[in-house]
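Descriptive structure summary
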Amino acid sequence: MSDRTARVSPREIADFLATLRSRSTGDGVALLAWKSSLLDRIAQSTADPQTHAVAEAARAELAAARSTEQHEAGGL
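Residues numbered from 1 in each chain as written. Predicted model: local features only at pLDDT ≥ 70, side-chain atom pairs only at ≥ 80, totals over all residues. Heavy atoms only, no water.

**Structural notes on the packing of aromatic side chains**
Convention followed: Pairing of aromatic rings covers Phe, Tyr and Trp, the last counted by its six-membered ring, and requires centre-to-centre distances within 6.5 Å; plane angles under 30 degrees mean stacked, over 60 mean edge-to-face, and any other angle means tilted. Secondary structure counts use DSSP, requiring at least four H or I residues in a row for a helix and at least two E residues in a row for a strand, with both numbered from the N terminus.
Scanning all chains against the criterion turns up 1 aromatic pair. On the basis of an interplanar angle of 80° and a centroid distance of 5.2 Å, the ring pair of Phe16 and Trp34 is categorised as edge-to-face. Separated by 18 residues along the polypeptide, Phe16 in helix H1 (residues 10–21) and Trp34 in helix H2 (residues 28–44) bring together distant segments of the chain.

**Structural notes on the packing of H2 against helix H3 (residues 49–74)**
Geometrically, a packed helix pair is captured by the angle between its two axes and the distance between the axes. Condition: Only the stretch in contact is used when a helix axis is fitted, and all axes are lines through C-alpha atoms; the angle between N-to-C directions ranges over 0 to 180 degrees. Put simply, angles under 35 degrees are roughly parallel, angles over 145 are roughly antiparallel, angles from 65 to 115 are roughly perpendicular, and the rest are oblique. Less than a right angle of anticlockwise turn of the near helix away from the far helix marks a crossing as left-handed, whereas a clockwise turn marks it as right-handed. Every residue pair with non-hydrogen atoms within 4.5 Å of one another is taken to be in contact.
Between H2 and H3, the shortest axis-to-axis distance is 9 Å and the interhelical angle comes to 155°. Of the possible angle classes, the one that applies to H2 and H3 is roughly antiparallel. Where H2 crosses over H3, the handedness of that crossing is left-handed. Here H2 contributes Val29, Leu32, Ala33, Lys35, Ser36, Leu39, Asp40, Ile42 and Ala43 to the contact with H3, which in turn contributes Thr51, His52, Val54, Ala55, Ala58, Arg59, Glu61, Leu62, Ala65, Arg66 and Glu69.

**Here's the deal with the environment of Ser36**
Note the following rule: Relative accessibility under 20% of the residue-type maximum defines a buried residue, over 50% an exposed one, and the middle range a partly exposed one, all with a 1.4 Å probe and only protein chains included.
With respect to the element layout, Ser36 can be found in helix H2. What makes Ser36 buried here is its relative accessible area of 4%. Contact partners of Ser36, with chain neighbours within four places excluded, come to Ala58, Arg59 and Leu62.

**With respect to the pattern of salt bridges**
Side chains carrying opposite charge are able to pair once their charged atoms draw close together. Formally: Just to be clear on terms, a salt bridge is a Lys or Arg side-chain nitrogen sitting within 4 Å of an Asp or Glu carboxyl oxygen.
In the structure shown here, the tally under the stated rule is 5 salt bridges. With a closest N to O distance of 2.8 Å, Glu12 and Arg41 form a salt bridge. With Glu12 in helix H1 and Arg41 in helix H2, this residue pair connects regions lying 29 residues apart in the sequence. Glu12 sits in the partly exposed class, given a relative accessible area of 25%. For Arg41, a relative accessible area of 7% gives the class buried. For Glu61, the salt bridge goes to Lys35, with nearest N and O atoms at 2.8 Å. In this pair, Glu61 is assigned in helix H3 and Lys35 in helix H2, connecting sequence segments 26 residues apart. Under the relative-accessibility criterion, Glu61 is labelled partly exposed at 35%. The exposure class of Lys35 is partly exposed, given its relative accessible area of 28%.

Function cannot be inferred from these measures alone, as they are strictly geometric.
Structure representation (C-alpha cells):
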C-alpha cells in the first residue's frame, strides 16, 4: 500500500475530476472513498491544520454515506 503515502499527482486529480463529471447516480460512495483517499494523501504531506480538517471532513462524509448505504440495504 505504498501508493497511499505517495504524493497525489496532477494526473490523479484530473482522473478524479473527469470521473466526477461523468458519474452516474450509483457511484456516490465509491467517489467519496476516492476523494477521501486523495485528501488523506494530500494531508499527509503538510502540517497545515486546514488541510487536515478538510481531509477529516471527507472521512466523515464517507463514513456517513457508508452508514446510510448499509442502513438502506438492510431496510430492503
